[in-house]
Amino acid sequence: MTTNTFLLVLLSLILASVLSYYQYFYKAKNKSKVTLFLALLRFISIFGILLLLINPIISSKTFETIKTPLPIVVDNSSSIVDLKSDIVALELYKELSENKDLQDKFNVQTYSFDTDFESATTFNFKGTQTNLDAVARSLKSIHKNTAYPTVLITDGNQTEGNDYVYSFDNANKVYPLIVGDTTTFLDLKVNQLNVNKYAFYKNKFPVEVFLQYSGTKNINANFSISQGNSVLTKQTISFSPSKKSTIVNVLLPADKVGLQIFKASISSKEQEKNTYNNTKNFAVEVIEQKTAIAIVSAISHPDIGALKRAIESNAQRKVTIVKPNEIKSLQEYNVLILYQPTAEFKSVFENNR
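Basis of the calculations
Each residue is numbered by its place in its chain's sequence as written, counting from 1. The predicted origin of the model limits local features to residues at a pLDDT of at least 70 and limits the giving and counting of side-chain atom pairs to 80 or more, whereas totals for whole chains, interfaces and linings rest on all residues. Neither water nor hydrogens contribute to the side-chain values; these are computed over all heavy atoms in the structure. Every helix listed is a DSSP run of H or I at least four residues long, and every strand listed is a run of E at least two residues long, numbered separately from the N terminus. Burial classes: relative accessible area under 20% of the type maximum marks a residue as buried, over 50% as exposed, and values in between as partly exposed (1.4 Å probe, protein chains only). Residue contacts follow a heavy-atom distance rule, with two residues in contact if any of their heavy atoms lie within 4.5 Å. Surface accessibility follows the Shrake-Rupley procedure with a 1.4 Å probe radius. Residue values consider only the protein chains on display as shielding. In this tally Asp and Glu are treated as negative and Lys and Arg as positive; neither His nor the chain ends contributes. We put the charge of a Lys on NZ, of an Arg on CZ, of an Asp on CG and of a Glu on CD. In these notes, a set of buried Ala, Val, Leu, Ile, Met, Phe, Trp, Tyr and Cys residues joined through side-chain atoms within 4.5 Å is what counts as a nonpolar core. Every patch collects residues that have over 30% relative accessible area and no salt bridge, joining them within 9 Å if they carry like charges and within 5 Å if they are nonpolar side chains (Val, Leu, Ile, Met, Phe, Trp, Tyr). Just to be clear on terms, a salt bridge is a Lys or Arg side-chain nitrogen sitting within 4 Å of an Asp or Glu carboxyl oxygen. Aromatic contacts are taken between Phe, Tyr and Trp rings whose centres are within 6.5 Å, Trp giving its six-membered ring; a plane angle under 30 degrees counts as stacked, one over 60 as edge-to-face, and the others as tilted. A cavity here means a set of 1 Å grid points, computed over protein atoms only, where a 1.4 Å probe fits but cannot escape. A pocket is an open set with protein on both sides within 12 Å along at least 5 of 7 lines, and lining residues have an atom within 4 Å of a point. Grid points are joined across faces, edges and corners, and a volume is the space filled by probe spheres set on the points. Classification convention: Asp, Glu, Lys, Arg as charged; Ala, Val, Leu, Ile, Met, Phe, Trp, Tyr, Cys, Pro as nonpolar; all other residues, Gly among them, as polar.

Colleague: So what exactly am I meant to see when it comes to the overall build of the chain here?
Modeller: Counting secondary structure elements, the chain contains eight helices and 16 strands. Classification of the 353 residues of the chain by burial places 35% in the buried group. Pairs at least 24 apart in sequence give 69% of the contacts found in the chain among residues at least 6 apart. Counting every atom, the chain has about 23,300 Å² of accessible surface; 52% of that belongs to carbon and sulfur. In the chain, 38 side chains carry a positive charge and 31 a negative one; their mean positions are 11 Å apart.

Here's what the structure looks like:
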């Protein structure tokens, strides 16, 4: 109990006592037991009312119905018009967005997408790209830690972004309404390529390539990485309806200094409608940076030659053999190897310190 509350209770006690005394005993001629009993009841009544007025707590409950989000996403790209499906897409959108049962159960939200993803209620079907991956990423950002279904009205022909098959969250159902020509065409694609920005001269650097296949039959594809007119690596990759993707890891030589441009490509004997996604260019900057190592020795010994050959087996290291009194500046070297030091090494130790 706080000090203020205690003082208010004490004040209420005094006030109830004073009022009861004034009403029943002040100038009263008859002070029977009945009067005393009535005064006690009056005291309890006044004191109880005053206690209720001290720190009153009024509680209320408010109930709010939070509906599950239902994004209705419409493909706003020009391919919908090319496939003569814009009217069908608009009819599907109108029927779903105005459905009374859906509105009662869900928080219906409408969006459009082409290159970008945005909230919309009207559609012109003039987008130049179809990026289904942007739909998945944007909805995840909008509805974090929320389970929700998605209705997707599209022709399903993606032209930009990562593979949407792996973009949507498995916990949230996607209900696609496919419009237009849904025929699946054979297609090979260099989906993603991972490589370091830099490599050391006369070393090898790794390249990781994700290849993807869309089709209904078994095929053999030729994958290669080339630089200019030179093919650096080439191999045959097998695909089937059950094996539609693969990862290729190769090591490429860094035998030229400077920015080097490479091209990864995949092809087959089969006819493809879209060959634009069969190649992907990438660049690596090859840098020449050697570690300077000094082997300091006052004597000649076969072990020194063996050390030099072993260290220089790595092209990024250069070894110089010097005598302790011939070193002009230790700053020219990254590493010092002192072979059988003697009193002649005193200046080297002092400079190195």
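From this point on, the discussion continues.
Colleague: How do you make sense of the nonpolar core when you look at a structure like this?
Modeller: Side chains of a nonpolar character, in soluble globular proteins, are inclined to be buried together. Residues V207, L211, F223, I225, F239 and F282 are the most contacted members of the largest nonpolar core, which totals 27 residues. Of all the elements in the fold, those that place two or more residues in this core are β6 (187–195), β8 (204–214), β9 (219–227), β10 (230–239), β11 (245–253), β12 (258–267) and β13 (279–287). Looking at this core element by element, the count peaks at five residues for β8. Look past the residues within four positions of F223 in its chain and what remains in contact with it is V209, L211, T233, K234, Q235, I237, V248, A264, S265 and I266.

Colleague: What exactly am I supposed to notice about a nonpolar patch on the surface here?
Modeller: A cluster of nonpolar residues, F6, L7, L10, L13, I14 and V18, forms a patch on the protein surface that exposes about 530 Å² of accessible area. Locating V18 in the fold gives a position in helix α1 (residues 3–24). A residue is classified by how much of its surface remains accessible, and V18, at 46% relative accessible area, is partly exposed.

Colleague: Where do I start with the packing of aromatic side chains in this structure?
Modeller: Geometry of an aromatic ring pair is reported as the spacing of the ring centres plus the angle between the planes. Using the criterion set out here, one finds seven aromatic pairs in the structure. Measuring from ring centre to ring centre gives 6.5 Å for F123 and F125, while their planes differ by 35°; the resulting arrangement is tilted. Pair check on accessibility: F123 and F125 agree, each one buried. Through successive ring pairs, a cluster of aromatic residues spans Y93, F123 and F125.

Colleague: Can you walk me through empty space enclosed by the protein in this structure?
Modeller: Empty space among the atoms becomes apparent when a probe as large as a water molecule is rolled across them. The full count for this structure, using the stated rule, is one cavity of 30 Å³ or more. Taken as a whole, the largest cavity encloses approximately 50 Å³ of empty space. As for the largest cavity, its lining consists of A136, K140, Y148, T150, F168, D169, N172 and V174. Broken down by class, the residue content of the lining of the largest cavity amounts to four nonpolar, two polar and two charged.

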